Amino acid sequence: MPKKIRIPPNLFSDIVGYDDVKSLLLKTIRSYGDGLPVHFLLVGEPATAKSLFLLSLERIKGAEYRLGSRLSRSGLVELLIGKKPHLVLIDEIDKVSDRECLAVLLSLMETGRIVETLHGKMRTEKLEVIVVAAANDISELPRELLSRFIILRFKPYKWGEFLKIARNILVKREGVKPRIAKYIASVVWNKLGSKDFRDCIKLARLIRDGQNKREIDLVVRTLAKYS
Ligand SMILES: Nc1ncnc2c1ncn2[C@@H]1O[C@H](COP(=O)(O)OP(=O)(O)OP(=O)(O)O)[C@@H](O)[C@H]1O
Ligand SMILES: [Mg+2]
């Protein structure tokens, strides 16, 4: 019997939209165990849900999440040999500074092989691992690494999507009233010229003591003046 990955219910319920990406990832994960893994690289502007996808996938048993900036060759080999993960999630893979780490990934993604040297002896392990990574900018990543991924480019949100997601985040996570959430989304988009939900969250936190439009206008005027 090939190993299978158990997928928790509502794995992607925090993510609004991207239904096609969700099904593609789920399909790949369901096929785990057949020895034919597929790897994904999510690329896009800030705040397009790349990390949110990786953090949702981290809920799967056998998944390991790491930040690229903290990943070294030895750390990656240790993780692979020690934990034998089914899924390796590398956020901000463009920030990996140890090029040797990328060499380990090349071999892992192509053949599943990892070479470890212990007490001067070489040992090879073979694993089945699905790699899902995320990056803002892939221009500096080696072509041979990019060629091993299916690259999914997350485009900036359109106004309707931005409003829906911003309202969702502000109401559910930040405790903002729906009417005010809509107003915050519209001033962030129109007056601050931003498509980043983090700006909606910052604004919501700045007015947490007085949730009204006047207070929002006041804060936005100051932010715009010093932007
Ligand atoms: N489709 C979405 N559904 C729900 N929340 C979203 C969505 N897109 C973005 N967000 C929210 O926006 C914020 C930023 O998202 P996230 O951290 O996933 O962005 P990112 O693409 O990794 O950005 P960066 O490139 O800056 O790392 C988070 O609070 C996240 O919950
Ligand atoms: Mg991120």
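Residues numbered from 1 in each chain as written. Chains lettered and ligands numbered in written order. Predicted model: local features only at pLDDT ≥ 70, side-chain atom pairs only at ≥ 80, totals over all residues. Heavy atoms only, no water.

### Comments concerning the domain arrangement of the protein chain
Each domain of the protein chain was delimited in the assignment, giving domain 1 (19-154) and domain 2 (159-225). Computed over C-alpha atoms, the centres of domain 1 and domain 2 are 35 Å apart. (Domains from an automatic or database assignment.)

### Some words on the site of ligand 1
Not every one of the 20 residues close to ligand 1 is listed here, only the nearest: Ala-47, Lys-50, Asn-136, Tyr-157 and Arg-173. In the model, an oxygen atom of ligand 1 is placed 3.2 Å from a nitrogen or oxygen of the Ala-49 main chain. With the chains in place, 90% of the 630 Å² that ligand 1 exposes on its own is no longer accessible. Secondary structure elements with two or more residues in the shell around ligand 1: helix H2 (50-57), helix H6 (159-174) and helix H8 (197-206). For the shell around ligand 1, the class distribution of residues is eleven nonpolar, three polar and six charged. Counting contributing residues per domain, the shell around ligand 1 is built from domain 1 (19-154) and domain 2 (159-225), each supplying no fewer than three. (Near = heavy atom within 4 Å. Polar contact = N/O pair within 3.5 Å; in protein donor to acceptor, adjacent residues only side chain to side chain. Areas by Shrake-Rupley, 256 points an atom, 1.4 Å probe, with all protein chains shown as cover. Helix = DSSP H or I, 4+ residues; strand = E, 2+ residues; numbered from the N terminus. Nonpolar A, V, L, I, M, F, W, Y, C, P; charged D, E, K, R; others polar.)

### Focus: the pattern of salt bridges
Applying the stated criterion across every chain, the model contains eleven salt bridges. Asp-94 is the partner of Lys-95 in a salt bridge, and the nearest nitrogen-oxygen pair spans 3.7 Å. Overall, Lys-95 belongs to the partly exposed group, its relative accessible area being 38%. Because the salt bridges share partners, they merge into one network encompassing Lys-84, Glu-116, Arg-123 and Glu-125. (Salt bridge = Lys/Arg side-chain N within 4 Å of Asp/Glu carboxyl O. Buried < 20%, exposed > 50% of the residue type's maximum accessible area, 1.4 Å probe, protein only.)

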